[in-house]
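Summary of structural features
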Amino acid sequence: MKPFRSSIHALLLGGLASLLPLQTVCAVQDTASLDRPVEDEVVYFMLPDRFANGDPANDTGGLTGGRLATGFEPRMKGFYHGGDLAGVIQKLDYIQGLGATAVWLGPIYKNKPVQGPPGEESAGYHGYWITDFTSVDPHFGDEEAMKAFVEAAHARGMKVYLDIITNHTADVILLRECHDPDYKGRDRPETGCPYRSLADYPYTTKGAPSGAGMNRGFMGDAPGFQTTDNFANLKRPDYAYTPYIPKGEEAAKAPAWLNDPIYYHNRGETTWTGESSKYGDFSGLDDLFTEHPRVVEGFIDIYKDWITKYRIDGFRIDTAKHVNAAFWKEFIAAMLIHAEAERIPDFYIFGEVYDPDPVGLAPYTRTDRYPAVLDFAFQSAVTDVIAHGAPTERLNRLFFADALYEGGEDAAGRLPVFVGNHDMGRFSTFVRNARPDADEDEIAARVLLGHAMAFFLRGVPVIYYGDEQGFVGDGGDQDAREDMFPSRVAIYNDNDLLATDATTAEDNFDTDHPFYRAISGMAEIYREHAPLRRGRQIVRHYETAPATPEDGGLFAVSRLGAGGGEHLVAFNVADQSRRAYVSVDARSSTWTSVHGACASRSAAAGSVFVDVPALGYVICKSNPWSSER
């Protein structure tokens, strides 16, 4: 174990490492009930393939042959490594000991084992290349393993949020103009399948280029035409390209209706701009025609069945910004109604809208009717402030935009907040890359301060698996998806993890790791103090561009209690301690410490003195007072 050498770490971890024994922390949940608001959750997100291998017998998913047949190759970062649902069950003590109340499970549906052009193949270990939306991928277990996992989590009072996909399936459908060397029809691009737009290749013959759009009577997918009768006139899928299914894959997908190319856009590769972001394929993944009533109906049926069969507590929805709003309005309403009918309390739906700006996120809570979206704007602001040294006014601008969300500040309090993930990369990587000259103590302190912001500023905290073991990746995507069990991937095993001498070549479920203890301590504070979970947030102090090197690093908020009183949370992102007078409610006159050192009394009505250690934070609780003026 690498020692925490500097006073930075002593200050940051002070009061956390000496909290309740971990066995006690494991029992923090009310196992009698799952009926609690989403603001009370602490979410632990994992990709099951990379977490724990509880049953090596399913490593190849029941397939035979080499890695290109089975997808299993634990020495390569882009293939299955062996983690499964049995492993997750075995590690529930570890997850709950961290303070998590909910597990967000990466997609576990049956995937196409391997896809990609020759020499560039990789496996569906991540779960996003689905062929069968109705069954568990055999690499992870089976239906009984899934049921056992949910039941084991629920027995502990822990919820299960399932990652779901409706935007695309695995890459099965091909386009003759791009993929069939014997095709003798219209123009055949020499490379790739460039996107063909609605304007150039409309659905009807009127005004279309010769040979395109052979669907007389179909009037497109505008909102006024999104009816079953209109789509019944859509007879052929070759309005832009000529789709076909390779021999042997005609029945590759389930349910069976997914095998018909008419239910896909078939317009070629997205350019990630304009209409192509809704209608184009992502790296060849078959983009579903989500405007089609049959597709809407089909996915409602699929995911209602998952709720009924497994008693899932919520959905994280992948690629939300790449599906039309009309689909989401109908789908989300149907899921919420069905969950209520199944007596599942507080069913939590949050969408992935990969946008660092609240202006890009908030419309999905209004036009698309998402109850919540992953708060990429929070991630961006925290990274700017902690990793790149932006003044804390950056955080004030973030929270000023909370009014944009449907439901305003209350809705913003239900957004899942995080500092890194499986796509963009780990927060530790961002900090280390931004500060190449900083020593390990400073990097570790900044990383833990980011997690503290996720816990104690508004929103529902999400922990990315491995962060609690000091994982530091080489980048995003596959480079941020290391194994928790002993890894055989060389580019993972040479990573310099934080606060430990361990490597990913070893088992990394160390409950004595300083990060694990620090985060479990944050979760304990979060659980014990309701205003830190649900209290209205008021920004009390922020700083603009620093006038001197030690300035610009203080940020403070109050979280108001339902019965009166406030919790003052002050963060210091500077590498020197900071002292300041901070505005508070005039009725807050006395203070007790929740974390760190706090003044016992306000300096004057409406002002309290704070002394925040370098790269640390303090939480101070005021005397109760009536919330009525």
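Presented here is a report on the structure given in the accompanying data block. (Residues numbered from 1 in each chain as written. Predicted model: local features only at pLDDT ≥ 70, side-chain atom pairs only at ≥ 80, totals over all residues. Heavy atoms only, no water.)

Attention now goes to the state of the cysteines. Under the definition given, this model contains one disulfide. Disulfide partner of Cys598: Cys620, at an S-S distance of 2.1 Å. Sign of the S-S torsion, about -90° for the bond between Cys598 and Cys620, identifies this disulfide as left-handed. One end of the pair, Cys598, is in the loop between β21 (591–595) and β22 (607–612); the other, Cys620, is in strand β23 (residues 617–622), and 22 residues separate them in sequence. Assessed through its relative accessible area of 22%, Cys598 is described here as partly exposed. (Disulfide = S-S within 2.5 Å. Helix = DSSP H or I, 4+ residues; strand = E, 2+ residues; numbered from the N terminus. Buried < 20%, exposed > 50% of the residue type's maximum accessible area, 1.4 Å probe, protein only.)

To continue, consider the pairing of strand β18 (residues 554–560). Summarising burial for β18: seven of the seven residues are buried, a large majority. Inspection of the sheet shows strand β17 (residues 537–541) paired to β18 by four bridges, in the antiparallel sense. Within β18, the position partnered with His541 by the bridge is Ala556. Two strands pair when backbone bridges link them, and β18 and strand β19 (residues 566–572) are joined in this way by seven bridges, in the antiparallel orientation. Its bridge partner being in β19, Phe555 is matched across the sheet by Phe571. Linking β18 back to β19 in an antiparallel pair, the connection comprises five residues, with Gly564 at a positive phi of about 105°. (Pairing = 2+ DSSP bridges.)

Turning to the sheet that holds β18, a few remarks are in order. Taken together, the five strands give an open sheet; going across it, the order is β17-β18-β19-β23-β21, and neighbouring strands pair in antiparallel fashion. Looking along the sheet, the strands with just one partner apiece sit at the ends: β17 and β21. On average, adjacent strands in this sheet sit at an angle of 25° to one another, irrespective of strand direction. (Axes fitted to C-alpha atoms, helices over the stretch in contact; angles between N-to-C directions.)

On to the environment of Tyr244. Mapping Tyr244 onto the fold places it in strand β10 (residues 243–244). Separated by 68 residues in the primary sequence, Tyr244 and Arg176 place their C-alpha atoms 6.8 Å from one another. If we skip the residues at most four places from it in the chain, Tyr244 touches Val172, Ile173, Leu174, Leu175, Arg176, His179 and Asp180. (Contact = heavy atoms within 4.5 Å.)

Attention now moves to the sheet that holds strand β7 (residues 159–164). With parallel pairing, eight strands are arranged side by side in an open sheet as β14-β13-β12-β7-β2-β1-β16-β15. This sheet does not close on itself; its edge strands, each paired only once, are β14 (372–373) and β15 (416–417). Examined bridge by bridge, β15 and strand β16 (residues 460–464) share two bridges and lie parallel to one another. Residue pairing for β16: Pro416 is matched across the bridge by Val460. Strand contacts of helix α6 (residues 143–155): β2 (102–105) and β7, with the helix running at about 140° to β7, the strand carrying the most contacts.

Between Ala254 and the following residue, Pro255, the backbone shows a cis peptide bond with an omega angle of 0°. Looking at the secondary structure, you find Pro255 in the loop between β10 and α9 (276–279). Positive phi, normally seen in glycine, also occurs at Asp477, with a value near 55°. By the element assignment, Asp477 lies in the loop between β16 and α19 (490–493). Residue classification places Asp477 among the partly exposed positions, given a relative accessible area of 37%.

What follows deals with the pattern of salt bridges. Under the definition given, this model contains 41 salt bridges. With a closest N to O distance of 3.8 Å, Arg517 and Asp512 form a salt bridge. Taken together, the shared-partner salt bridges in this structure form one network comprising Glu143, Lys147, Asp305 and Lys309. (Salt bridge = Lys/Arg side-chain N within 4 Å of Asp/Glu carboxyl O.)

Here the distance between the centres and the angle between the planes together describe a pair of aromatic rings. Overall, the coordinates contain 41 aromatic pairs when judged by the stated rule. Aromatic side chains Tyr161 and Tyr348 sit 5.4 Å apart centroid to centroid with 65° between the ring planes, which places their arrangement in the edge-to-face category. Residue Tyr161 is located in strand β7, and its partner Tyr348 is located in strand β13 (residues 348–351); the two are separated by 187 residues in the primary sequence. Judged by centre distance (5.8 Å) and plane angle (90°), the rings of Trp257 and Phe299 are edge-to-face. With Trp257 in the loop between β10 and α9 and Phe299 in helix α10 (residues 293–310), this pair connects stretches of sequence that are 42 residues apart. Looking at Phe299, the relative accessible area reads 0%, which means it is buried. Stacked on the ring of Tyr241, the Lys or Arg Arg196 has its end atom at 4.0 Å from the ring centre. The ring of Tyr465 carries the charged tip of Arg426 above its face, separated from the ring centre by 5.2 Å. (Phe/Tyr/Trp six-rings, centres within 6.5 Å; stacked < 30°, edge-to-face > 60°. Lys NZ or Arg CZ within 6 Å of the ring centre and 35° of its normal.)

This paragraph deals with helix α20 (residues 514–528). In this model, α20 (15 residues) spans 21 Å end to end at C-alpha, consistent with the 21 Å of a helix rising 1.5 Å per residue. Most of α20 is tucked away: 13 of the 15 residues are buried. (Expected span 1.5 Å × (residues − 1).)

So, to be careful, I would describe these as geometric facts and stop short of saying anything about function.
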